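Residue-level listing of the chains:
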Amino acid sequence: MSTLLIFASSAMVIALIFYSIGVFGEKISGTIQFKHLTFFLGGLVFDTIGTTLMNRIATHDGDSGFGLHQVTGGAALVLMAFHFLWAVWVYNKGDEEAKRQFHKFSLGVWTLWVISFVLGILLGIGVIS
């Protein structure tokens, strides 16, 4: 396994951990808090790093395919960025009801992200192509 792949995979796992802590921490607490914003941002940053490195590996290997994993991964990354920005807005300007309801969107974005994460693993180990 190449060093670049190890760094990329590690970044994706760290993103999963951060994002999961943020999403489920927010759900359990019942409202959005500053610590959740930091976990959302950490997940976004590490996902961006991992995605960039994975893209570099795929480009180097001559794989320029655009399949389900790329579509779900790209959509999840865009939604994570939107999710973070909206979380900041809700935290700073939202009313208490918006803060309590925010987790519904969080769970949807997290679910799409996890689907893409699992697809990437399955592609990487050759279960699907």
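In case you missed it, the structure is sitting above this.
Residues numbered from 1 in each chain as written. Predicted model: local features only at pLDDT ≥ 70, side-chain atom pairs only at ≥ 80, totals over all residues. Heavy atoms only, no water.

A.B. asks: What's the story with the nonpolar core in this structure? I'm lost.
C.D. replies: Generally speaking, a soluble globular protein has its nonpolar side chains buried in company with each other. By size, the foremost hydrophobic cluster in this structure holds 19 residues, and its most contacted members are Tyr19, Ile32, Phe40 and Trp113. Elements with a contribution of two residues or more to this core: α1 (3-29), α2 (34-60), α3 (68-93) and α4 (96-124). Of the residues forming this core, the biggest block, 6 residues, is contributed by α4. (Core = buried A, V, L, I, M, F, W, Y, C linked by side-chain atoms within 4.5 Å. Buried < 20%, exposed > 50% of the residue type's maximum accessible area, 1.4 Å probe, protein only. Helix = DSSP H or I, 4+ residues; strand = E, 2+ residues; numbered from the N terminus.)

A.B. asks: Help me understand the pattern of salt bridges, please; the structure alone is not making it clear to me.
C.D. replies: If charged atoms from side chains of opposite charge come close, those side chains can pair. Taken as a whole and judged by the stated rule, the model has 2 salt bridges. Glu97 is paired through a salt bridge with Arg100; the nearest N and O atoms lie 2.7 Å apart. Here Arg100 and Glu97 lie together in helix α4, a separation of 3 residues that amounts to about one turn. When its relative accessible area of 39% is taken as the criterion, Arg100 is described as partly exposed. (Salt bridge = Lys/Arg side-chain N within 4 Å of Asp/Glu carboxyl O.)

A.B. asks: Mind showing me how you'd approach the packing of α1 against α2 here?
C.D. replies: When two helices pack together, their arrangement is given by the angle between their axes and by how far apart the axes lie. The geometry of α1 relative to α2 is characterised by a closest axis approach of 7 Å and an angle of 155° between their N-to-C directions. On the basis of the axis angle, α1 is roughly antiparallel to α2. The element α1 and its partner α2 pack so that their crossing is left-handed. Here the residues of the contact of α1 with α2 are counted per class, giving 19 nonpolar, 9 polar and 3 charged. (Axes fitted to C-alpha atoms, helices over the stretch in contact; angles between N-to-C directions. Parallel < 35°, antiparallel > 145°, perpendicular 65-115°, else oblique. Left-handed = near helix turned anticlockwise from the far one by under 90°. Nonpolar A, V, L, I, M, F, W, Y, C, P; charged D, E, K, R; others polar.)

A.B. asks: What am I meant to see in the environment of Gly42 here?
C.D. replies: If you trace the backbone, Gly42 turns up in helix α2. With 11 residues separating them in the primary sequence, Gly42 and Thr31 have C-alpha atoms 19 Å apart.

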